[in-house]
Amino acid sequence: MTVSGPAQDKDFTIVIYGGCLAGYAARAALSRSLSPQHMIIHIAPNETPACAALYGNSTGPSGYEFFRAVGLEEPDLVTRTNTSFSFGTLFQNWPSRSRQWVQCFVPPFTGVQDLAFDSVVNFHGGNLQSYLISAQAALAGKFAHPPGDPKNPLSRAEYGYNFAVDDITTTIRSKSTASNVEHISGQLQGVAATNGVINHITLTSGRSVAGDLFIDASGTERALMEPLQAEFIAQRSLRASTARSDTPQLGAPCKVVTADDFGWYSVSPLQGYNSLLRVTGAGEASPALPPGFAKYESQFDFQTGTLKKAWIGNCVALGNSASVFEPLTPAPMTLLQRSLKALTELMPSSSNMEVEAKEFNRLHDEDTQNASSFHRAHFLCENAPETAYWQGASDTPICPRLRRKITQFDSRGLVVQYDYEPFNTEDWAILHYGMGRRPRRGDVRLQAMDGSERILDTMSSAISSLVSRMPPHHQYLMKFKEYLEKKQNDYAR
Amino acid sequence: MDQVKRICILGGGTAGWMTAAALSNKFKGLGFEITLIESNEIGTVGVGEATLPHIRFFNSALGLDEKFVMKSTNATFKLGIEFCDWGKIGDSYIHPFGDYGLPMPDTEFHQLWLREKAERGAPRLDEYSYSVMAAEKGKFHFPGDDTTQIGSNFGYAYQFDSSLYAKLLRSYSENNHVRRIEGKVVETHLNAESGYVKSLSLENGAQIEADIFVDCSGFRGVLIEQALETGYEDWSRWLPCNRAYAVQSESRGELLPYTRATARKAGWQWRIPLQHRTGNGHVYCSDFISDEDALHQLMSTLEGPALTDPKKLFFKTGRRNAFWSKNVVAIGLSAGFLEPLESTSIHLIQEGITNLVELFPSGEIDEYDIREYNDRMELNFDRVRDFLLLHYVATQRDDSEMWRYFRNLELPESLTEKMEAWQKRGYVIPYEHGVFLPPSWISVMLGQNLEPKSFDQRVNKIPQEELSNLLRSIHTQTHQKIHQAPAHAAFLAEYVKGVHVAQDNAAGS
């Protein structure tokens, strides 16, 4: 038996186990941000786990920073992968046929006369969506990069990406060639641990790998955390099915989520094809595919939930190993990004890592609570179909934080925020109004506002006018790609 | 539903007039009736002569001109607070209203400094802070617009005469149609059914009715406690100081742009330089020192002759169980008391007012508004408490009974975790909603000799020479900027020169 790592000339060895996005992202981000004194051994099984689909094909605006942290600049995404731009998610029939809104990405709202923008719109009986350029552009299928000039209405938009997880994983892998990374293709056979601390792991090849810190990026299998008796707090048993459909022309810059009796499905427009992800109750036969899709490519059951502690001893769980969400919102990607950032910041330098684990677990707990609240809020509706999926969704407990948020919004349109939530005030306001919630009262100062209607009219006219002049998403992306490729060719010469 | 329209503020100190000014400004045009009752017979505590930078936003929201406010209140600029003898006797450091160094792309500046210090040695972190260095040199200049530049990434506050500030805001409020009634409350009448305060009877027989009452009556809590018996959460086990002597003295020496807090055997002593005098006080715990000795400690260390008789104050650290109960909102000392070690008294008033404006009943008083207000204020008080307590426990002092008491104290878990994370790796557990951000925690922990054993591992990615050059460059730039800045006294004199202040401090509305 060969035992490798910790390497003699290295101060600290990190062993990553997992062959999908979390594993490659951890490898890339850590090798880029840590000194060569940190040795990284990445063990990747040959097969990508099916649960990779649960990253959900989309990021919010923080995706830009995430991809940069793992070595992918926007030009790489556009020219080397089938990634497209996204102004948000269009929810339709959610949960009844009449309800539709774009859960779009926006920078912080600018108040009107010191009052929350969304409350002013509501006071005048307006539709918040009309004043959000990212929502209007998404509906019109238009895209352009937001400019820096604050006078331009498009500067009030933010964007994320639609992406394919396997495509991104491959690209990250190809770019991750740091000298302090050793790649091992292999399958885990066993974990040798004493008192909750991993000494080494054994692969089916017979090889043993020791390290100072282990990262479980194995997905829902939680291959390293399970032997440490990590407690997984399960919520729902669901089934995910995926399909793809080739398209000659790129669709609108948003993911489209459609609710039906069986659950929901999302269609993400990518360069060259649309990617479908359907979520239904576990064990249920997958319903008929929407038009344009011929057959399901994969189907698997999964359990949503979260690890009570994502760092035990010297082992840290990332991505789907740490928490499993229905990929309805960008939460899976946002949480992967945030936990990777936290791990990088809290990277220990010795075997004493209690303080780091405690803080990482606090952040994990905060993030999963807050993201779960945001997810759960999508299912707080009275007119949902009376089917097993929707019944299960509405039976999921409502945590005290969400109760406070809903109570305060219903009462007076107040958006309550906790420290460093993954979804900000604007995300919540758009969700509340999108789902048709309306506060019983408003801020008392709304009664004395002067000229705010005119401000809103001017704003919505400017947005309509600009959106009509914006290029379609497919055209913009094609030209942008041509420009980048030309630049790359010029540089190569 | 009937709109709450009649607001009665009880108490005319800093809290009362700040509340009156803000409500009269924010609710202009809504037809509200705002009445403030104050009695000349009841003195005000004159809480907090030193402020935090947030006060500038309060004044600016009222439309008050800074020069006018400063001239009217004999204010000086404040760049931070100097803490003397806290870590150990002879130590001193400044808690600045600003960042250290410059924003870095991957990690905080102090992490770079920790590595440089460990590997090559480095000047103290303060030398990379514009506000600390400016304060130490007695300089002042307004921050620039680009917060990524040295000389721009700091804030400032004021040291002012709070009684003059209250006077200015009284004038402002009265110009905004706040009705002031001189009188002493002798009885509070409650609605038998709802338990709400219905009216107040004054000594002269007048009855004042209102829909909502703001209790700014000070420590007594005439409405929130005496009438509604809301209860008090006692924090004396963590912050045992319970008395203070305050006295004004003649100014001596250079006009400094910072407040000083000097640790003593049984408490601490403040020194706040204003344009025309110096404010002084000794906060102490009566379990560890007699009143006579506490007074002697204060009077024997004044820098100039006393201008007033010392005023004795009694208090119990803690907060009300509810800041808003039924139709009474407590703001100021009636809401709770935290010693003014970090100049938070006026800030907590400001927080109370800001939240009241945002949550003011639209229609009738709603249980949800009350709940939200209380949740927010609880968080504010709790987080300030932890920060104050840090000063007493991050210390090597054991030279008196009080310091030994703190050595054996069981701390709130939130504070213990924060100190452990810092000592292990220079990491500050952050929060978003609260007044003291990481640089404040860093200044106190480092200033009181809590040295981290390690640092953020990402810093090791930077080649040593590059790191040294970067730090050297920031150090040089900081000192060059300080060299160019004018002296605080000269800057202030020039700034308020020619500003006319009427005898009665009349402020425009």
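What you see as residue numbers is a count from 1 along each chain, following the sequence as written. All chains are assigned letters beginning at A, and all ligands numbers beginning at 1, according to the order in which they are written. Given that the model is predicted, a residue must reach a pLDDT of at least 70 before its local features are reported, and side-chain atom pairs must reach 80 or more before they are shown or counted; all residues, however, enter totals for whole chains, interfaces and linings. In computing side-chain properties, one takes all heavy atoms of the structure into account and sets aside hydrogens as well as water.

### Brief notes about the side chain of A:Asn162
Residue and element names in this part refer to chain A.
Then step 1. Structurally, the position occupied by Asn162 is in strand β7 (residues 160-162).
Then step 2. A polar side-chain atom of Asn162 sits 3.2 Å from the main-chain carbonyl oxygen of Phe85.
Then step 3. Throughout, a residue-residue contact means that at least one pair of heavy atoms, one from each residue, lies within 4.5 Å. Setting aside residues no more than four positions away along its own chain, Asn162 makes contact with Asn57, Ser58, Thr83, Ser84, Phe85, Ser86, Pro253, Cys254, Lys255, Ser268, Pro269 and Leu270. For the purposes of this entry, the term helix denotes a DSSP run of H or I that reaches at least four residues, the term strand denotes a run of E that reaches at least two, and both are numbered from the N terminus. Within 3.5 Å is the distance limit for a polar contact, defined as a pair of N or O atoms, with the added protein rule that one can donate a hydrogen and the other accept it, and that residues adjacent in sequence qualify only through two side-chain atoms.

### Describing the sheet that holds strand β3 (residues 38-44) of chain A
Pairing between sheet strands relies on hydrogen bonds along the backbone, with the strands arranged either parallel or antiparallel.
Residues and elements named next belong to chain A.
Then step 1. Strand pairing requires that DSSP identify at least two bridges connecting the strands. Spatial ordering of the open sheet is given by β8-β3-β2-β12-β19-β18, a layout of 6 strands whose pairing is mixed. The open sheet terminates on both sides in strands that have one partner only, identified here as β8 (181-185) and β18 (311-312).
Then step 2. Where strand β12 (residues 213-216) lies against strand β19 (residues 315-317), 3 bridges are found, and the strand directions are parallel. Within the sheet, the bridge partner assigned to Asp216 lies in β19 and is Ala317.

### Topic: the interface of chain B and chain A
Buried accessible area, meaning the area lost when the parts come together, often serves as the stated size of an interface.
Then step 1. Tallying the contact residues gives 40 residues for chain B and 41 residues for chain A.
Then step 2. Accessible area that two parts lose when put together, with a 1.4 Å probe and added across both, is what the buried area reports. Together, the buried faces of chain B and chain A total about 3,400 Å²; carbon and sulfur atoms form 50% of this surface.
Then step 3. Broken down residue by residue, the surface that chain B buries against chain A is led by B:Tyr427, B:Gln457 and B:Arg458, which jointly contribute 18%.
Then step 4. What makes a salt bridge here is a side-chain nitrogen of Lys or Arg within 4 Å of a carboxyl oxygen of Asp or Glu, nothing more. The tally of links from chain B across to chain A stands at 10 salt bridges.
Then step 5. Along the contact surface separating chain B from chain A lie 27 residue pairs in polar contact (both at pLDDT 80 or more).
Then step 6. Going through the elements one at a time, α9 (345-359), α10 (367-393) and α12 (413-425) of chain B are the ones with two or more residues in the side of chain B that touches chain A.
Then step 7. In terms of residue count, the dominant contributor to the side of chain B that touches chain A is α10(B) (6 residues).

### Quick look at the sheet that holds strand β21 (residues 336-337) of chain B
Residue and element names in this part refer to chain B.
Then step 1. Judged by pairing direction, the sheet is antiparallel, and its 3 strands sit side by side in the order β12-β18-β21 without closing on themselves. A strand with exactly one partner marks an edge of an open sheet, and here the two such strands are β12 (232-234) and β21.
Then step 2. Here 3 bridges tie β12 to strand β18 (residues 318-320), and the two strands are oriented antiparallel to one another. Note that in β18 the partner of Glu233 across the bridge is Arg319.
Then step 3. Contacts between α10 and the sheet are confined to β18 and β21, with β18 contributing the most and set at about 175° to the helix. The axes are straight lines fitted to the C-alpha atoms, using for helices just the contacting stretch, and the angles between their N-to-C directions are given from 0 to 180°.

### Some details on the pattern of salt bridges
Then step 1. With the rule as written, the count across this model stands at 55 salt bridges over all chains.
Then step 2. Of the charged contacts in the structure, one is a salt bridge between A:Lys405 and A:Glu421, with a shortest N-O distance of 2.8 Å. Pair noted here: A:Lys405 is in helix α10 (residues 400-412) and A:Glu421 is in the loop between α10 and α11 (425-434), with a separation of 16 residues, a long-range link.
Then step 3. Each residue gets one of three labels from its accessible area relative to the maximum for its type: buried under 20%, exposed over 50%, partly exposed in between, using a 1.4 Å probe on protein chains only. A:Lys405 gets classed as buried once you look at its relative accessible area, which sits at 3%.
Then step 4. The partner of B:Glu303 in a salt bridge is B:Arg271, with the nearest N and O atoms 2.8 Å apart. Residue B:Glu303 is located in the loop between α8 (291-299) and β17 (311-314), and its partner B:Arg271 is located in strand β15 (residues 267-273); the two are separated by 32 residues in the primary sequence.
Then step 5. For B:Glu303, a relative accessible area of 41% translates into the label partly exposed.

### Observations concerning the domain arrangement of chain B
All names here are of chain B.
Then step 1. Per the annotation, domain bounds derive from an automatic or database assignment of domains. We note that the domain assignment places domain 1 (6-75 + 160-235 + 318-382), domain 2 (98-154 + 412-489) and domain 3 (243-314) within chain B.
Then step 2. Between domain 1 and domain 3, the residue contacts involve 13 residues of the former and 14 residues of the latter.
Then step 3. Broken down residue by residue, the surface that domain 1 buries against domain 3 is led by Glu49, Asn74 and Leu341, which jointly contribute 41%.
Then step 4. Seen at the junction of domain 1 and domain 3, the total is 2 salt bridges.
Then step 5. Joining domain 1 to domain 3, the criterion identifies 7 residue pairs in polar contact (both at pLDDT 80 or more).
Then step 6. The residue makeup of the side of domain 1 that touches domain 3, split by class, is 8 nonpolar, 2 polar and 3 charged. Under the scheme applied here, ten amino acids are nonpolar (Ala, Val, Leu, Ile, Met, Phe, Trp, Tyr, Cys and Pro), four are charged (Asp, Glu, Lys and Arg), and all others, including Gly, are polar.

### Here's the deal with the confidence of the model for chain A
Then step 1. Here chain A shows a mean pLDDT of 94. Residues at 70 or above account for 98%.
Then step 2. Note that residues 1-8 of chain A has pLDDT below 50 and, in this model, 19 contacts with residues that lie over four places away or in other chains. pLDDT measures how confident the predictor is about each residue, on a scale from 0 to 100.

### Details of the nonpolar core
Then step 1. Core analysis: the biggest nonpolar cluster contains 158 residues, and B:Ile7, B:Leu169, B:Ile331 and B:Tyr392 have the highest contact counts within it.
Then step 2. Every residue in contact with B:Leu169, bar those within four places of it in the chain, is listed here: B:Trp17, B:Met18, B:Ala21, B:Phe58, B:Leu62 and B:Leu64.
Then step 3. Grouped together as the second largest cluster of nonpolar side chains are 148 residues, A:Phe117, A:Val279, A:Leu402 and A:Leu456 included. Nonpolar core, defined: a set of buried Ala, Val, Leu, Ile, Met, Phe, Trp, Tyr and Cys residues in which side-chain atoms within 4.5 Å join the residues together.

### A word on the packing of helix α1 (residues 21-33) of chain A against helix α6 (residues 165-175) of chain A
Residue and element names in this part refer to chain A.
Then step 1. It is the contact of α1 with α6, at a shortest axis distance of 9 Å, that shows an interaxial angle of 30°. As the angle between them shows, α1 and α6 are arranged roughly parallel. Handedness of the α1/α6 crossing: left-handed. From α1, Leu21, Tyr24, Arg27 and Ala28 reach across to α6, where they touch Val165, Ile168, Thr169, Ile172 and Arg173.
Then step 2. Here the contact of α1 with α6 is composed, by residue class, of 6 nonpolar, 1 polar and 2 charged. Any angle that falls under 35 degrees is termed roughly parallel, while one over 145 is termed roughly antiparallel, one within 65 to 115 roughly perpendicular, and all others oblique. For any helix crossing, the convention is left-handed if the near helix is rotated counterclockwise from the far helix by under a right angle, and right-handed if that rotation is clockwise.

### What about the pairing of strand β13 (residues 243-249) of chain B?
Residues and elements named next belong to chain B.
Then step 1. Buried residues dominate β13, accounting for 5 of its 7 residues.
Then step 2. Direction of pairing for β13 relative to strand β16 (residues 278-284): antiparallel, over a ladder of 7 bridges. Each bridged residue has a counterpart across the sheet, and for Ala244 the counterpart in β16 is Val283.
Then step 3. Where β13 lies against β17, 4 bridges are found, and the strand directions are antiparallel.

### Some points on the packing of aromatic side chains
In this description, a pair of aromatic rings is defined by centroid distance and the angle of the planes.
Then step 1. Each Phe, Tyr or Trp ring (for Trp, its six-membered ring) is paired with any other whose centre lies within 6.5 Å, and the angle between the two planes then decides the class: stacked below 30 degrees, edge-to-face above 60, tilted in between. Counting across every chain of the model gives 64 aromatic pairs over all chains.
Then step 2. A connected cluster of aromatic rings, assembled from ring pairs, spans A:Phe66, A:Phe67, A:Phe85, A:Phe87, A:Phe143, A:Tyr159, A:Tyr161, A:Phe163, A:Tyr476 and A:Phe480.
Then step 3. A cation over an aromatic ring shows up here: B:Arg237 above the ring of B:Trp238, its NZ or CZ 3.8 Å from the ring centre.
Then step 4. In this analysis the charged atom, NZ for Lys or CZ for Arg, is taken to sit over a ring once it is within 6 Å of the ring centre and within 35 degrees of the ring normal. Seen from the ring of B:Trp235, B:Arg385 lies directly overhead, with NZ or CZ sitting 4.8 Å from the centre.

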